[in-house]
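Okay, here's what each chain looks like letter by letter:
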Amino acid sequence: MKTDIILSGVGGQGILSIAAVIGMAAIDSDLYVKQAEVHGMSQRGGAVQSHLRISDQPVYSDLIPAGSCDMILSVEPMESLRYVPFLARDGWLVTNSKPFINIDNYPDEKYLFDEIRKIGNNVLIDADHIASEAGSKKVSNIVVLGAASSFLGLRYEALEASIKAIFARKGEDIIRLNLNALKAGQEAAAAQRLV
Amino acid sequence: MKKIVLLGDEAIAQGAIDSGISGVYAYPGTPSTEITEYIQASKTAQERKIHSDWSANEKTAMEAALGMSYAGKRALVCMKHVGLNVAADAFINSAITGVNGGLVVLAADDPSMHSSQNEQDSRFYGKFSLLTVLEPADQQECYDLTRMAFELSEKYRLPVLLRVTTRLAHSRSGVYCQDAQPENSMKLPDDSTQFILLPVFARKRYKSLLEMQPVMEEDAEKMGQNRLIEGGDRSLGIVACGIAYNYYMEIAQQFGLDYPMLKIAHYPVPRKMVRSLADSTETLLILEEGYPVLEEMLAGLLETKYLISGRLSGAVPRDGELNPGIVAAALGLEIRKGMPVPEVVTARPPALCQGCGHIDMYRALNDAIEPYGPGRVFSDIGCYTLGALPPYNAINSCVDMGASVTMAKGASDAGLRPAVAVIGDSTFTHSGMTGLLDAVVEQTPVTIIISDNSTTGMTGGQKSHATSRLYNICKGLGVEEEHLIEIDPLRKHHDENTRIIAAELKYDGVSVIISKRECIQTALRRKKSAAK
Ligand SMILES: Cc1ncc(C[n+]2csc(CCOP(=O)(O)OP(=O)(O)O)c2C)c(N)n1
Ligand code: SF4
């Protein structure tokens, strides 16, 4: 198996936590992992992205070649579209629908959603809302991860185990919150794919 | 042995800890910062009391590490590529003194300038200093080559330069670690003149550095880090340096390529290996991340009988980092194309955080300087450089750490009045203080605003040497107290702050205005860790 994922969002939205959860789940499933991110200038409210590659064969390039990415996993709708040149024809685009508006010329959501729906395999969910219902808006990143969980090539239990390990220091409540968020995201995506 | 997931930077840090270093010396700089931060957070490092506090700048870091080496212990120095310019005097001379304890200098280059002013290639410094350079391709090699670098340093009794680039520094993968080695005990150099670079001693030392060159090249041929890899299709030979190897392998796998290859991770360039590849293939393609360092050496100035292609020949773009697509194109292959970015997507440039003190400082400065017209504000490197962008459009330069103060001085010398410098607190103690002294000595009319957020914000909020020392530093350097003023950059003080700056713009000598409010990100982190 091989899954190439681009994670995207705005600085501070928690895409690196998503990467950490997937990365650990992959390593614990005896897969090879590479995850490239950019720090520095890009973090001041700018666009951020990370290339995450998991495979049962050794992974060479730290960067995903254009046109071959299996999934864009985004915590912000406009940011999900910034990386479509990387997406394979049959790739998935899974994104939060809630915009993060910190620029004056942010486009009308409607046009963004139109573009997102042009991608055959899309999952568009209001992760902020779902996260609030699951207990806190802060876990919207994990909701998006949950929404993507069926297309990652990883077992759901492996993701749960890695959440438990990564948030272990933060206590039982935080672990439960994140597990709930993961579940809620998975269910929301399943519901959307049925309609 | 357990595999742990580490950034390239973290693998270097772990490699250094396991090599028995007694200290890391560094000034923050993307993409090298995480090395020192990893050592600061490491339990082993804390137990062993490995020195890991930040230095004022890269030069002081390099010199302190050389001092640790003098005392017989192992030390690591880390910096971003431009930091090596600042440390260059110490670095180049450390090749002449040589070392006592192992000394490894890490330079993290930033091709494509993700967070830098240029994309200089540190391998040139290797050639310049005549030292061995190691250039890992992946995270495991980051660990392994760091360990090897310390071994080589003590074998040659010379520093070793370790070079990585952004993509490796900031990419994670599984790494196997080896048993840790104990620290060296303290031991003075055997030759008491080794570190005295009086011409009489320096000439001798330089000769021994030159004599070491063939040994270093021989090791590059034989130690196994440079590898000739067989291939059936001899129409092309690939030379892949550092991370370029990964991109080539990605494409080779996808397209089933079978060219012979030389993978390079260890310089000086192993000439015998290169010749053997060149003699058995029709053309060489040089893939290197950064400048065409190797290509230029091989192609030289005169025509050779070998056909050599790369960045100079135009097969690979002359600037910017590599990626699989670029490598494919250099091989005459085309990778799949994705969809274009939809037109509705707009740029989201980095911006100052809402509530950042730099914003209120710029608002006051903009109002105060309005009557004089644009083009008078020299600035520097840090979060406050974002003042160059709308809506502030407040600054007219950003060149190198500290240049705001000295460029304002030079422009003032040329007659520009008022001439203003805007500099961050950490940048000021990195390289601004000496320029201020120049201005004070001549009483040059300049207005210097130190935007003091009590942190090194741009690189993630490291401790700043300037914190709670700025006023006294400026006073000590000779700034008159009437023209050394602290302001509180808050919206409610806007009119008062504008008046203060306006008054100092008129002063015919050196004024320093310290605009002081803590970075909100650092304050947040401080509160969070206090709550724990
Ligand atoms: C020689 C050199 N070293 C390091 C850097 C990386 N660097 C850029 S800005 C900066 C910190 C600036 O801190 P400060 O002046 O306090 O400004 P702030 O970002 O906090 O506003 C650093 C470390 C660099 N560009 N050049
Ligand atoms: S990180 Fe701190 S200094 Fe930088 S923009 Fe944000 S608040 Fe300002």
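What counts as what
Note that residues are indexed from 1 along each chain, following the sequence as it is written. By the order in which they are written, chains take letters starting at A while ligands take numbers starting at 1. The predicted nature of this model means local features are confined to residues of pLDDT at least 70 and side-chain atom pairs, given and counted, to a pLDDT of 80 or more, with totals for whole chains, interfaces and linings taken over all residues. Note that water and hydrogens are dropped before the side-chain values are worked out from all heavy atoms of the structure. Helix numbers and strand numbers start at the N terminus; a helix is a DSSP run of H or I with at least 4 residues, a strand a run of E with at least 2. Atoms counted for the radius of gyration: C-alpha only. Globule rule: 2.2 Å times residue count to the power 0.38. Any residue under 20% of the maximum accessible area for its type is buried, any over 50% is exposed, and the rest in between are partly exposed; the area is computed with a 1.4 Å probe on protein chains only. The term polar contact refers here to a pair of N or O atoms within 3.5 Å; inside protein, the definition further demands a hydrogen-donor-capable atom paired with an acceptor-capable atom, and it admits residues adjacent in sequence only when both atoms are side-chain atoms. Contacts are residue-level and defined by heavy atoms, with any inter-residue pair within 4.5 Å sufficient. If you view a crossover with the strands going away from you and the path from the first strand over the helix to the second runs clockwise, you call it right-handed. For each residue, the test is whether any non-hydrogen atom lies within 4 Å of the molecule or strand; if one does, the residue is near. Values of accessible area rely on a 1.4 Å probe in the Shrake-Rupley scheme; residue burial ignores everything except the protein chains shown. One bridge is not enough; two strands pair if DSSP finds at least two bridges between them. What counts as buried area is the accessible surface, traced by a 1.4 Å probe, that two parts surrender upon association, with contributions from both included. Each reported salt bridge corresponds to a side-chain nitrogen of Lys or Arg within 4 Å of a carboxyl oxygen of Asp or Glu. Each residue is assigned to one class: nonpolar for Ala, Val, Leu, Ile, Met, Phe, Trp, Tyr, Cys and Pro, charged for Asp, Glu, Lys and Arg, and polar for all the others, Gly among them. Only C-alpha atoms enter the line fits that serve as axes; for helices the fit covers just the stretch in contact. Angles between N-to-C directions range over 0 to 180 degrees. Note on ring pairs: Phe, Tyr and Trp rings are taken, using the six-membered ring of Trp, and paired if centres are within 6.5 Å. Classes follow the plane angle, with under 30 degrees stacked, over 60 edge-to-face and the rest tilted. Criterion for a charge above a ring: Arg CZ or Lys NZ at most 6 Å from the ring centre, at most 35 degrees from the ring normal. A helix's residues, less one, multiplied by 1.5 Å, set its expected span. A residue's bend is the angle separating two fitted axes: one through the seven residues that end there, the other through the seven that start there.

Colleague: Just to check I follow, could you spell out the overall build of chain A for this structure?
Modeller: When helices and strands are counted, chain A shows 7 helices and 6 strands. When its helices and strands are written in sequence order, chain A yields β-α-β-β-β-α-β-α-β-α-α-α-α. Taken over the C-alpha trace, chain A has a radius of gyration of 16 Å; the compact-globule value for 195 residues is 16 Å, and the two agree within 12%. Taking the principal axes of the C-alpha coordinates as reference, chain A spans close to 40 × 40 × 40 Å.

Colleague: Quick question: what am I supposed to make of the side chain of arginine 163 of chain B here?
Modeller: Residue and element names in this part refer to chain B. Take arginine 163: it is sitting in strand S6 (residues 160-165). Residue classification places arginine 163 among the buried residues on the basis of a relative accessible area of 1%. Within the structure, arginine 163 has its side chain in polar contact with the side chain of aspartate 121 (distance 3.3 Å). Polar side-chain contacts of arginine 163 include one of 2.6 Å to the side chain of glutamate 135. Sequence-distant contacts of arginine 163, defined by excluding residues within four places in its chain, comprise Ala107, Asp109, Asp121, Ser122, Arg123, Val133, Leu134, Glu135, Pro136, Glu289 and Gly290.

Colleague: How should I be thinking about the pairing of strand S15 (residues 420-424) of chain B in this particular structure?
Modeller: Residues and elements named next belong to chain B. When you tally the buried positions in S15, you get 5 out of 5 residues, the bulk of the element. Where burial is concerned, the two faces of S15 agree: the one with Val420, Val422 and Gly424 and the one with Ala421 and Ile423 are both buried. Crossover handedness for the path strand S14 (residues 377-378) to helix H16 (residues 403-413) to S15: right-handed. Crossover handedness for the path S15 to helix H17 (residues 425-442) to strand S16 (residues 446-452): right-handed.

Colleague: I tried to follow the site of ligand 1 on my own but got confused; where do I start?
Modeller: Residue and element names in this part refer to chain B. The full set close to ligand 1 counts 26 residues, and Glu58, His358, Thr427, Asn453 and Gly457 are the nearest of them. Between serine 426 and ligand 1, the recorded distance is 3.0 Å, taken from a backbone N or O atom to an oxygen atom. Residue methionine 458 places a main-chain N or O atom 2.8 Å away from an oxygen atom belonging to ligand 1. For ligand 1, whose free accessible area comes to 590 Å², the fraction covered by protein is 98%. For the shell around ligand 1, the elements supplying multiple residues, two or more each, are helix H5 (81-86) and H17. Counting residues per element, the shell around ligand 1 draws most heavily on H17, at 4 residues.

Colleague: Is there a simple way to think about the pairing of strand S10 (residues 261-264) of chain B in this case?
Modeller: Residues and elements named next belong to chain B. Neither face of S10 is open: one carries Met261 and Lys263, the other Leu262 and Ile264, and all of them are buried. Across 3 bridges, the pairing between strand S8 (residues 227-229) and S10 is antiparallel. In the sheet register, leucine 228 faces S10, and the bridge partner there is leucine 262. Here strand S9 (residues 236-241) runs beside S10; their pairing, made up of 4 bridges, is parallel. Of the residues in S10, the one forming a bridge with alanine 240 is lysine 263. Between the parallel elements S9 and S10, the chain passes through helix H11 (residues 244-255) in a crossover that is right-handed.

Colleague: Which parts of the structure should I look at to understand the interface of chain B and chain A?
Modeller: Size of an interface, as often reported, equals the accessible area lost when the parts are brought together. Listed as interface residues are 47 residues of chain B and, on the opposing side, 44 residues of chain A. Together, the buried faces of chain B and chain A total about 4000 Å²; carbon and sulfur atoms form 58% of this surface. For chain B, the biggest contributors to the area lost against chain A are Met339, Val344 and Arg348 of chain B; these three give 20% of the whole. Remark: the boundary between chain B and chain A carries 4 salt bridges. Where chain B meets chain A, there are 18 residue pairs in polar contact (both at pLDDT 80 or more). Sorting the residues of the side of chain B that touches chain A by element identifies strand S1 (3-7), strand S7 (171-176) and H11 of chain B as the ones contributing at least two each. A total of 6 residues in the side of chain B that touches chain A trace back to one element, the largest contributor, which is H11 of chain B. Looking at the side of chain B that touches chain A residue by residue, the classes come out as 22 nonpolar, 16 polar and 9 charged.

Colleague: How should I be thinking about the sheet that holds S15 of chain B in this particular structure?
Modeller: Hydrogen bonds between backbone groups are what pair the strands of a sheet, and the pairing can be parallel or antiparallel. Residues and elements named next belong to chain B. Across the sheet, which stays open at both edges, the 5 strands sit in the order S14-S15-S16-S18-S17 with parallel pairing between neighbours. Every interior strand has two partners, whereas the edge strands, S14 and strand S17 (484-487), have only one. As defined by bridge partners, S16 adjoins strand S18 (residues 510-516) across 7 bridges and the pair is classed as parallel. Bridged to isoleucine 449 within S18 is isoleucine 513. Across the sheet, H16 touches S14, S15 and S16, and the angle it forms with S15 is around 175°.

Colleague: Sorry if this is basic, but what is going on with the packing of aromatic side chains here?
Modeller: For any two aromatic rings, the description comes down to two numbers: the centre-to-centre distance and the angle of the planes. Following the criterion strictly, the structure yields 7 aromatic pairs over all chains and no others. Relative to phenylalanine 128 of chain B, the ring of tyrosine 125 of chain B has its centre 6.4 Å away and its plane inclined at 35°; by these criteria the two rings are tilted. Taken together, the residues span about one helical turn, with tyrosine 125 of chain B and phenylalanine 128 of chain B both in helix H7 (residues 123-129) at a distance of 3 residues. Overall, tyrosine 125 of chain B belongs to the buried group, its relative accessible area being 12%. Residue class for phenylalanine 128 of chain B comes out exposed when judged on its relative accessible area of 58%. In this structure an aromatic cluster arises from ring pairing among Phe91, Tyr125 and Phe128 of chain B. Stacked on the ring of tyrosine 156 of chain A, the Lys or Arg lysine 183 of chain A has its end atom at 4.8 Å from the ring centre. When the ring centre of tyrosine 245 of chain B is taken as reference, the NZ or CZ atom of lysine 263 of chain B above it lies at 5.0 Å.

Colleague: Honestly, helix H10 (residues 199-222) of chain B in this entry has me stumped. Any pointers?
Modeller: All names here are of chain B. Compared with the 34 Å implied by 1.5 Å per residue over 24 residues, the 35 Å span of H10 between its first and last C-alpha is a close match. The sharpest bend along H10 reaches about 30° and sits at glutamine 213, with the proline proline 214 one to four residues further on. Of the residues making up H10, those classed as buried are Ala202, Arg205, Leu209, Met212, Gln213, Met216, Glu217, Asp219, Ala220 and Glu221. Of the surrounding elements, those touching the buried residues of H10 are helix H6 (88-97), H7, helix H8 (139-156), strand S11 (266-267) and helix H12 (271-280). Phi turns positive, to about 95°, at glycine 224, one or two residues after H10.

Colleague: Help me out: how do you make sense of the sheet that holds S8 of chain B in this one?
Modeller: All names here are of chain B. Spatial ordering of the open sheet is given by S8-S10-S9-S12-S13, a layout of 5 strands whose pairing is mixed. Each edge of the sheet is formed by a strand with only one pairing partner; in this case those strands are S8 and strand S13 (307-309). For this sheet, the mean inter-axis angle between neighbouring strands, taken without regard to orientation, is 20°. Sheet analysis places strand S12 (residues 283-287) next to S13, joined by 3 bridges and oriented parallel.

Colleague: What exactly am I supposed to notice about the site of ligand 2 here?
Modeller: Taken together, 10 residues are adjacent to ligand 2, and Cys353, Cys356, Cys383, Asn453 and Cys519 of chain B come closest. A breakdown of the residues in the shell around ligand 2 according to their chemical character gives 6 nonpolar, 3 polar and 1 charged.

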